[in-house]
Amino acid sequence: MTPPAAASAAAIRTDDPTTDPSAASAAAADAQAPAPTGLPGSGDDDPDERTAADPAAQGRTPAASSPTGAGFTRPGGMFSSLRVRNYRYYFAGQVVSNTGTWMQRIAQDWLVLSLTGSPLAVGITTAMQFLPMLLLGLFGGVLADRMPKRRLLIHTQGAMGLLAAGLAVLTIGGVVTPYYVYAFALLLGLVTVVDNPTRQAFVSEMVGPKDLANAVSLNAANFQTARLVGPAVAGLLIAAVGSGWAFAVNALSFAAVIGGLLAMRESELRPTEPIAREKGQLREGLRYVKERPELLWPMVLAGFIGTFGFNFPTLLSGFAYDTFKVGAGQYGLLNTAMAVGSLAGALLAARRGAPRLRRLVGAALAFGALEVVAAFAPDYWTFALLLMLIGVFGLSFNTSVNSTLQLATDPEMRGRVMGLLVLVFTGGTPIGAPIVGWVTASYGPRLGLLACGLVSALAAATVGLVLARSADLRVRFDLHPGRGGRVVAVVPRTGVARKSELAAAC
């Protein structure tokens, strides 16, 4: 495991004011001062790089005190969240489990293809795995809020391990059929409905709000690293002993996650009190998001990007075989290029402090614009290079929207909000994939990627304008900003922001 980086020398220490009379006086003075809005030109151009009073000491949740990080210190390094013992155990377990998951994905597709000889059967398997999220994703978020998350994760990870073991036994025994694979994919999708939002919400209970954005980014880096290693290992294992043993290795990999969860010190967790079971909690979660623009519009943008922007399996195969006419090796290299870019994007995101809505929108806009440019790539290697950049900004958007929504959400609502995010981001795949597939098949991969990029960029621009208008902000260009100034800055339209919380989030 990579050792945690040293704390940033520029980080401001947050001592307990009760241990120092002068600190107590300063804290009292700060409590009487008006809260800064974090707007450019207000003396606090980067509120995510300052330290505010501990919201818990004031009887408020972090979300109540600021939607995006008024209670956070300057980032302490790319691996700052690994200082937390419980998160180190979780991260190490995920390294093993994510590698096994990618092995199973490759082995599952290869098994179905070898049993049927039909790419359609592979598509059916994928649809069976994602369909439960589309239909039941919101209910998974409700369960995550109702139950202790660590205990729930032990059960969901155990269930996923048993499913992998069952598929391994059927495959090694030579009795597996496509219908068995469909059934196991559907069952795995049902477990994922609960597991996914619970894992997302559990991160804040391990590391707390200060390191949440860093931990989310490191989780993404972990996943992308496994995306590079897992398929390669799976290919070797399938060639040597068959797909069934790849399923068996994945089943064993879940022991690492469960072991890490069991080894955690409960006293060092920050558990959210589970909510009592009541009617209307699903509608309450939807209403909660609807009434908060700092949650609603990033969620809308995630829906467009997830449904139309991330359809690379269909698009990359089309570019490889139809546009550039290359073989399987070069096709695999395109996927590798995107994975490398995504890993770089995750590590870059880990260096930042608390997320800002402007970064989220900017990453989405760059992601869509690069897809448009890539649609006109003149040759294979230019296309591969652009895919790396697309991976950087796509992953930056993913981590930004995840940490933004978690930090802006009250703890008792976090499971439902993350369940909705998973629903709109991944649940749209069964809707967007056939549309993109039809456009690609009818008009070619270039037009298919162009359409995906235009939809993503237009959605980002629209959401950015809506947020700026709602917060009464505008973009200011200054070609002579002076020392410490900015060429491009977001400032109040009328001198004072109309909605200070949303303005600070932007």
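For the structure, check the block above.
Since the model is a prediction, treat every value here as computed from it, not as a measurement. (Residues numbered from 1 in each chain as written. Predicted model: local features only at pLDDT ≥ 70, side-chain atom pairs only at ≥ 80, totals over all residues. Heavy atoms only, no water.)

**Q** Would you explain the overall build of the protein in this entry?
**A** A tally of helices and strands in the protein yields 18 helices and two strands. Residue burial in the protein is summarised as follows: out of 506 residues, 49% are buried. Long-range pairs, those at least 24 residues apart, make up 83% of the contacts in the protein with a sequence separation of at least 6. Summed over all atoms, the accessible surface of the protein reaches about 22700 Å², with 65% contributed by carbon and sulfur. (Helix = DSSP H or I, 4+ residues; strand = E, 2+ residues; numbered from the N terminus. Buried < 20%, exposed > 50% of the residue type's maximum accessible area, 1.4 Å probe, protein only. Contact = heavy atoms within 4.5 Å. Areas by Shrake-Rupley, 256 points an atom, 1.4 Å probe, with all protein chains shown as cover.)

**Q** Explain the side chain of Asn214 to me, please; I cannot follow it from the model alone.
**A** Structurally, the position occupied by Asn214 is in helix α7 (residues 212-241). Residue Asn214 is classed as buried on the basis of its relative accessible area of 4%. At a separation of 2.6 Å, a polar atom in the side chain of Asn214 contacts the side chain of Ser81. (Polar contact = N/O pair within 3.5 Å; in protein donor to acceptor, adjacent residues only side chain to side chain.)

**Q** Just to check I follow, could you spell out the environment of Ala165 for this structure?
**A** For Ala165, the position within the fold is in helix α5 (residues 149-172). Spatially, the C-alpha atoms of Ala165 and Phe247 are 6.6 Å apart, while their sequence positions differ by 82 residues.

**Q** How do you make sense of the packing of aromatic side chains when you look at a structure like this?
**A** The final tally for this structure, using the stated rule, is 16 aromatic pairs. Chaining the aromatic ring pairs together yields one cluster made of Phe310, Phe312, Phe367, Phe397 and Phe425. (Phe/Tyr/Trp six-rings, centres within 6.5 Å; stacked < 30°, edge-to-face > 60°.)

**Q** Looking at this model, I keep getting lost on the nonpolar core. Mind explaining?
**A** The tendency in soluble globular proteins is for nonpolar side chains to be buried side by side. Among the nonpolar cores identified, the biggest contains 53 residues, and Leu301, Leu334, Phe383, Ile390 and Phe397 are the most heavily contacted of them. When residues of this core are traced back to their parent elements, those giving at least two are α9 (281-290), α10 (293-309), α11 (312-323), α12 (328-350), α13 (357-375), α14 (380-407), α15 (414-426) and α17 (445-470). Tallying contributions element by element places α13 first for this core, with ten residues. With residues up to four places along the chain from it excluded, the contact list for Leu334 reads Leu316, Ala320, Tyr380, Phe383, Ala384 and Leu387. Phe184, Ile238, Phe247 and Phe254 belong to the second-largest nonpolar core, a separate cluster that totals 23 residues. (Core = buried A, V, L, I, M, F, W, Y, C linked by side-chain atoms within 4.5 Å.)

**Q** Explain the packing of helix α3 (residues 85-116) against helix α6 (residues 178-207) to me, please; I cannot follow it from the model alone.
**A** Working note: a packed helix pair is described by the angle between its axes plus the distance between those axes. Running from N to C, α3 and α6 cross one another at 160 degrees; their axes reach a closest spacing of 13 Å. By the criterion of interaxial angle, the relationship of α3 to α6 is roughly antiparallel. Seen from above, α3 lies across α6 with left-handed handedness. For the pair formed by α3 and α6, the contact residues are Asn86, Tyr87, Tyr90, Gln94, Gln108, Leu111, Val112, Leu115 and Thr116 on the first element and Pro178, Val181, Arg199, Met206 and Val207 on the second. Of the residues that constitute the contact of α3 with α6, the class distribution is nine nonpolar, four polar and one charged. (Axes fitted to C-alpha atoms, helices over the stretch in contact; angles between N-to-C directions. Parallel < 35°, antiparallel > 145°, perpendicular 65-115°, else oblique. Left-handed = near helix turned anticlockwise from the far one by under 90°. Nonpolar A, V, L, I, M, F, W, Y, C, P; charged D, E, K, R; others polar.)

**Q** In this structure, what is going on with a nonpolar patch on the surface? I would like to understand it.
**A** Residues Leu131, Leu135, Leu136, Phe139, Leu186, Leu187 and Leu190 make up a contiguous nonpolar surface patch of roughly 590 Å² in combined accessible area. Here the nonpolar patch gets four residues from one element, more than from any other, and that element is helix α4 (residues 119-146). Owing to a relative accessible area of 31%, Leu186 belongs among the partly exposed residues under this scheme. (Patch = residues over 30% accessible without salt bridge, like charges linked within 9 Å, V, L, I, M, F, W, Y side chains within 5 Å. Salt bridge = Lys/Arg side-chain N within 4 Å of Asp/Glu carboxyl O.)

**Q** What is the right way to look at α7 in this model?
**A** The α-helix winds at 3.6 residues per turn, so residues separated by three or four positions along the chain end up facing the same way. In this model, α7 (30 residues) spans 41 Å end to end at C-alpha, consistent with the 44 Å of a helix rising 1.5 Å per residue. The largest bend in α7 comes to about 25 degrees, at Arg227, with the proline Pro231 one to four residues further on. Looking one or two residues past α7, Gly242 carries a phi angle of roughly 105 degrees, positive in sign. (Expected span 1.5 Å × (residues − 1). Bend = angle between axes of the 7 residues up to and from the residue.)

**Q** Mind showing me how you'd approach the environment of Val95 here?
**A** By secondary structure assignment, the location of Val95 is in helix α3. Residues Val95 and Phe223, 128 residues apart in the sequence, show an inter-C-alpha distance of 7.5 Å.

**Q** What is the right way to read the pattern of salt bridges from this model?
**A** Opposite charge on two side chains permits pairing when their charged atoms draw close. Summed over all chains, the structure comprises seven salt bridges. One salt bridge connects Asp211 with Lys210, and the closest N-O pair in it is separated by 3.6 Å. A relative accessible area of 42% places Lys210 in the partly exposed class. Close ionic contact of Arg416 with Glu284 constitutes a salt bridge, the shortest N to O distance being 3.3 Å. Here Arg416 is found in helix α15, whereas its partner Glu284 is found in helix α9, with 132 residues between them in sequence. When its relative accessible area of 34% is taken as the criterion, Glu284 is described as partly exposed. Ionic contacts of the salt-bridge type, sharing partners, join the residues Asp145, Glu284 and Arg416 into one network.

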